[in-house]
Amino acid sequence: MNDPLHIVCPHCNAVNRVPRQRLGDGGACGRCKQVLFAGKPMELNAANFDAHTGQSDVPVVVDFWAPWCGPCRSMAPHFEKAASDLEPEFRLAKLNTEDEQALAARFNIRSIPTIAIFRHRREVARQSGAMDSASLARWVRQAAG
């Protein structure tokens, strides 16, 4: 249980080994020296999606959204609040389906916003529709088990 966790840097995508008991200390990346958890969602794209969802030992909660989507825009501040509540147990990230249509198709995203939890390359849970921050945090903790 004391094995270090692999945490992918949200800034440079380097994989960092962080002792489990130090996860909440807000460590910095060994490569770029920026914080590993900033308490806000990071942006995912085709270049970094697989690294974050596949190489991190922390589950990644992805908000599939689009700028033209009203419910997506109204949920954005709640997703940001949930990031500050759930990190470092979880990494929260946003993926713009308008810019990353191939990724949205790869995961069969049919409606937005859709929230999906990934652990070690596998999608483990999915929920469509906007949620407030408390409902989102509750769902993430329950769904990630």
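To start, this report covers the structure provided alongside it. (Residues numbered from 1 in each chain as written. Predicted model: local features only at pLDDT ≥ 70, side-chain atom pairs only at ≥ 80, totals over all residues. Heavy atoms only, no water.)

**Here we look at the overall build of the chain**
Right, on to step 1. Summing up its helical and strand segments, the chain has 4 helices and 7 strands in all.
Right, on to step 2. Put simply, the chain runs from its N terminus to its C terminus through helices and strands in the order β-β-β-α-β-α-β-α-β-β-α.
Right, on to step 3. For the chain, the C-alpha radius of gyration of 14 Å lies close to 15 Å, the compact-globule estimate for 145 residues.
Right, on to step 4. By residue count, 45% of the 145 residues in the chain fall in the buried class.
Right, on to step 5. Pairs at least 24 apart in sequence give 62% of the contacts found in the chain among residues at least 6 apart.
Right, on to step 6. Total accessible area on the chain stands at roughly 7,400 Å², and carbon and sulfur atoms take up 47% of it. (Helix = DSSP H or I, 4+ residues; strand = E, 2+ residues; numbered from the N terminus. Rg over C-alpha atoms; globule rule 2.2 N^0.38 Å. Buried < 20%, exposed > 50% of the residue type's maximum accessible area, 1.4 Å probe, protein only. Contact = heavy atoms within 4.5 Å. Areas by Shrake-Rupley, 256 points an atom, 1.4 Å probe, with all protein chains shown as cover.)

**Topic: the environment of Arg 31**
Right, on to step 1. Inspection of the secondary structure puts Arg 31 in the loop between β2 (15–18) and β3 (42–44).
Right, on to step 2. The spatial distance from the C-alpha of Arg 31 to the C-alpha of His 11 is 9.8 Å, given a sequence separation of 20 residues.
Right, on to step 3. Leaving out residues up to four positions away in the same chain, Arg 31 has contacts with Cys 12 and Ala 14.

**Some remarks on the sheet that holds strand β4 (residues 60–65)**
Right, on to step 1. The sheet built from 5 strands is open, its strands ordered β3-β5-β4-β6-β7 with mixed pairing. If you trace the sheet from one side to the other, it starts and ends with β3 and β7 (122–128), each paired once. When strand polarity is set aside, the average angle formed by the axes of neighbouring strands in this sheet is 30 degrees.
Right, on to step 2. Two elements, strand β6 (residues 114–119) and β7, share 6 bridges in a ladder whose sense is antiparallel. (Pairing = 2+ DSSP bridges. Axes fitted to C-alpha atoms, helices over the stretch in contact; angles between N-to-C directions.)

**Some remarks on empty space enclosed by the protein**
Right, on to step 1. In the structure shown here, the tally under the stated rule is 1 cavity of 30 Å³ or more.
Right, on to step 2. Size it by volume and the largest cavity reaches roughly 30 Å³.
Right, on to step 3. Lining the largest cavity are Ile 7, Val 18, Arg 22, Leu 23, Gly 26, Gly 27, Leu 36 and Phe 37. (1 Å grid on protein atoms, 1.4 Å probe; cavity = no way out; pocket = protein on both sides within 12 Å on 5 of 7 lines; lining within 4 Å. Points joined across faces, edges and corners; volume = space filled by probe spheres on them.)

**Some remarks on the packing of aromatic side chains**
Right, on to step 1. Scanning all chains against the criterion turns up 4 aromatic pairs.
Right, on to step 2. Considering the side-chain rings of Phe 64 and Phe 107, the 6.3 Å spacing of their centres and the 50 degrees angle between planes classify their relative orientation as tilted. Residue Phe 64 is found in strand β4, and its partner Phe 107 is found in the loop between α3 (101–106) and β6; the two are separated by 43 residues along the sequence. Side by side, Phe 64 and Phe 107 carry an identical accessibility label, which is buried.
Right, on to step 3. Measuring from centroid to centroid gives 5.1 Å for Phe 107 and Phe 118, while their planes differ by 75 degrees, and the two rings are edge-to-face. (Phe/Tyr/Trp six-rings, centres within 6.5 Å; stacked < 30°, edge-to-face > 60°.)

**A word on the side chain of Asn 96**
Right, on to step 1. Position of Asn 96 relative to the elements: it lies in strand β5 (residues 91–96).
Right, on to step 2. According to the relative accessible area criterion, Asn 96 is buried, its value standing at 11%.
Right, on to step 3. Setting aside anything within four residues of it in sequence, one finds Asn 96 in contact with Trp 65, Ala 66 and Pro 67.

**Quick word on helix α4 (residues 133–144)**
Right, on to step 1. Spanning 12 residues, α4 covers 16 Å between terminal C-alpha atoms, matching the ideal 16 Å at 1.5 Å per step.
Right, on to step 2. Listed in full, the buried residues belonging to α4 are Ser 133, Leu 136, Ala 137, Trp 139, Val 140 and Ala 144. Seen from one end, α4 has its buried residues packed into an arc of 165 degrees, which puts them on one side. For α4, the exposed residues lying more than 90 degrees away from the buried face are Arg 138 and Gln 142.
Right, on to step 3. On its buried side, α4 packs onto β4, α2 (70–86), β6 and β7.
Right, on to step 4. Two or three places before Ala 134, at the opening of α4, Asp 132 has a side-chain oxygen 3.2 Å from that residue's backbone nitrogen.
Right, on to step 5. At the C-terminal side of α4, Gly 145 shows a positive phi close to 60 degrees. (Expected span 1.5 Å × (residues − 1). Arc of directions from axis to C-beta. Polar contact = N/O pair within 3.5 Å; in protein donor to acceptor, adjacent residues only side chain to side chain.)

It is worth stressing that arrangement in space is one thing and function is another; only the former is reported here.
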